[in-house]
Amino acid sequence: MRSSSFVVVVSAVVFAALLVAASGAEAADCNMKPLYPPTGTELPWHTIDHAKPPKERWTEVVAPLSKQIHDMVYQVIDLLPPFLVKEILKKLDEGADKVLDAFPAPYGDEIRGIANATGIDIGALIFYNVAYEIEGGCTSIIAQNEEGNVFHARNLDFGLFFGWDKANETWKLTELLRPLLFNARIVHGEKELYNATYFAGYVGLLTGAKKGGFSLSVDTRFDNTYWRGLIDFFKGDLSLDHQFVGFLTRTVMENNATYSDALQTLTSSPMVGPSYMILGGLNKGEGAIITRSMNESLHLWTLENNAHNTGFFVLETNYDNWVSPPFFDNRRDPAEACLNELGSKGIGFEGLYNTLSAQPNLNLLTTYTTLMHVKTGHFEAYKQRCDVHPCTPW
């Protein structure tokens, strides 16, 4: 009964989305409004000290949010077929140490520490920490202004089909994710390392910036290696040099000093699955969209090579940027329309926030917008919610 109801709801939402998409298919208009700076939606800040033992680093953040993290994770798990859940969690629990030890250090011990602090099943937390390999929808932009200052902005969308609240017309998982959001000031003792936007309980890096170094965001990509690497990893058939995207990006943020170093690592490191990695830098022309499969970089679009003749920006959603996006999920063209409306003279936190706050880039799945400027170290992040009716489902 639960699965049949789910199919009906999904079908209804898809049909509604197709109607919205069809109504705007003839022209990709910019729906930008002057919304920056927003009020009352700034994310809280927490300091994460890497001088602490890995099992203790996240305790102060996750312990007070134990119930919220539990409810969010099990919103996903409870929608899966019961026999599958039982089998997956049983195997994850029984093989937890093996899986955690296969993660690059210190990520396994950090997840163990979160399990200790929250009392949440270790298998469920492992599932949470690899979930971005499975589902996600985002928009990331690198743009430079007339003076050559490079800015990085991103929306993170998550929760598609993981429960639909018909009464409120919202995605249940998305609503459960927003209370977990915070900005992390990552330090080692007195030394500041970088800033990042996090969901409590997740230890990888999906959005972050290092002052004077580079900025990073990740957008989900789907290809024919999408499930294969994940299955092979848990079967033990994948070599340990293959990394989950959030672990790889965090390792790069912590171990690489410059844009060029980060670009080299991100384009060459073996991965568990496909991804788009969006890299911003310190200097004029330092901005890249890296399209990755498990084992290689397939395409590199940079501010410098201007591969798609956009001039002052590069932009990624969740589709290969050298082909047209599907009509039912075209966030690229409206965002490009807004950027072209701004021009390079309008590039900065205000223009980029307003661009990402315009439908369809702001949609029912959007959890946050982060704005980053590597040169100054300026880092802002805001909780996002689409309150306009009707709002694009994704």
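See the structure shown above.
This is a predicted model, so every value here is computed, not measured.

Basis of the calculations
- Residues numbered from 1 in each chain as written.
- Predicted model: local features only at pLDDT ≥ 70, side-chain atom pairs only at ≥ 80, totals over all residues.
- Heavy atoms only, no water.
- 1 Å grid on protein atoms, 1.4 Å probe; cavity = no way out; pocket = protein on both sides within 12 Å on 5 of 7 lines; lining within 4 Å.
- Points joined across faces, edges and corners; volume = space filled by probe spheres on them.
- Helix = DSSP H or I, 4+ residues; strand = E, 2+ residues; numbered from the N terminus.
- Nonpolar A, V, L, I, M, F, W, Y, C, P; charged D, E, K, R; others polar.
- Pairing = 2+ DSSP bridges.
- Axes fitted to C-alpha atoms, helices over the stretch in contact; angles between N-to-C directions.
- Contact = heavy atoms within 4.5 Å.
- Salt bridge = Lys/Arg side-chain N within 4 Å of Asp/Glu carboxyl O.
- Buried < 20%, exposed > 50% of the residue type's maximum accessible area, 1.4 Å probe, protein only.
- Arc of directions from axis to C-beta.
- Phe/Tyr/Trp six-rings, centres within 6.5 Å; stacked < 30°, edge-to-face > 60°.

A. Quick look at empty space enclosed by the protein. For the structure on display, the rule yields five cavities of 30 Å³ or more. Considering only enclosed or pocket space, the largest cavity measures out at about 160 Å³ in volume. Forming the walls of the largest cavity are 14 residues, and the residues nearest its centre are Tyr-128, Ala-131, Tyr-132, Phe-158 and Leu-177. Elements with a contribution of two residues or more to the lining of the largest cavity: helix H3 (66-77), helix H7 (122-129) and helix H8 (172-177). In terms of residues, the lining of the largest cavity owes the most to one element, H3, which gives three residues. Split by residue class, the lining of the largest cavity holds 14 nonpolar, no polar and no charged.

B. Focus on the sheet that holds strand S11 (residues 287-292). Read across the open sheet, the eight strands follow the order S1-S6-S7-S8-S9-S10-S11-S12; overall the sheet is mixed. Of all the strands in the sheet, the pair left with one neighbour each is strand S1 (45-49) and strand S12 (297-302). Shown here is a sheet whose adjacent strand axes are inclined to one another by a mean of 20°, direction ignored. Looking at chain direction, strand S8 (residues 207-210) and strand S9 (residues 214-220) are connected through four bridges and run antiparallel. Its bridge partner being in S9, Ala-209 is matched across the sheet by Ser-215. In the packing of helix H10 (residues 245-255) onto the sheet, contacts are made with strand S7 (191-199), S8, S9 and strand S10 (275-280), and the angle to S9 comes to roughly 175°.

C. Looking closely at the environment of His-50. With respect to the element layout, His-50 can be found in the loop between S1 and helix H2 (59-62). Through-space distance from the C-alpha of His-50 to that of Met-277 is 24 Å; in sequence the pair is 227 residues apart. Apart from the residues within four sequence positions on either side, His-50 is in contact with Arg-57, Ile-186, Val-187, His-188, Leu-193, Tyr-194, Arg-250 and Glu-254.

D. Expanded view of the sheet that holds strand S3 (residues 150-157). Here five strands make up an open sheet; going across it, the order is S13-S2-S3-S14-S15 and the pairing antiparallel. With one partner strand each, in any of the chains shown, strand S13 (313-316) and strand S15 (378-383) form the two edges of the open sheet. Strand-to-strand twist of the sheet, defined as the mean angle between neighbouring strand axes without regard to direction, takes the value 10°. As paired elements, strand S14 (residues 366-373) and S15 share six bridges and run antiparallel to each other. Bridge pairing in S15 links Tyr-368 to Lys-383. Strand contacts of helix H12 (residues 332-342): strand S2 (137-144) and S13, with the helix running at about 160° to S13, the strand carrying the most contacts. The sheet strands contacting helix H13 (residues 349-356) are S2, S3, S14 and S15, and the helix crosses S14 at an angle near 160°.

E. Quick look at the pattern of salt bridges. A full pass over the atoms with the stated rule returns 14 salt bridges. Between Arg-221 and Asp-223 there is a salt bridge, and its shortest N-O distance comes to 2.8 Å. Residues Glu-254 and Arg-250 are paired through a salt bridge, measuring 2.8 Å at the closest nitrogen-oxygen approach. Taken together, the residues span about one helical turn, with Glu-254 and Arg-250 both in helix H10 at a distance of four residues. Given the relative accessible area of 28%, Glu-254 is considered partly exposed. Its relative accessible area of 0% is what places Arg-250 among the buried residues. Salt bridges sharing common partners tie together Arg-57, Glu-110, Arg-250 and Glu-254.

F. View of helix H9 (residues 228-235). Along H9, the residues that are buried comprise Gly-229, Leu-230, Asp-232 and Phe-233. Axial view of H9: buried residues confined to an arc of 165°, hence all on one face. Those residues of H9 hidden inside the fold are in contact with helix H5 (96-102). Phi for Gly-236, located one or two positions after H9, is positive at around 85°.

G. Main features of the packing of aromatic side chains. Here the structure, examined in full by the defined rule, presents 20 aromatic pairs. The interplanar angle of 75° and the centroid separation of 4.8 Å between the aromatic rings of Phe-233 and Phe-244 together place this pair among those described as edge-to-face. Of this pair, Phe-233 sits in helix H9 while Phe-244 sits in the loop between H9 and H10, and the two are 11 residues apart along the sequence. When sorted by exposure, Phe-233 lands in the same class as Phe-244, which is buried. Measuring from centroid to centroid gives 5.1 Å for Phe-312 and Phe-313, while their planes differ by 75°, and the two rings are edge-to-face. Side by side, Phe-312 and Phe-313 carry an identical accessibility label, which is buried. Grouped by ring-pair contacts, the aromatic residues Phe-103, Tyr-107, Phe-233, Phe-244 and Phe-247 constitute a single cluster.

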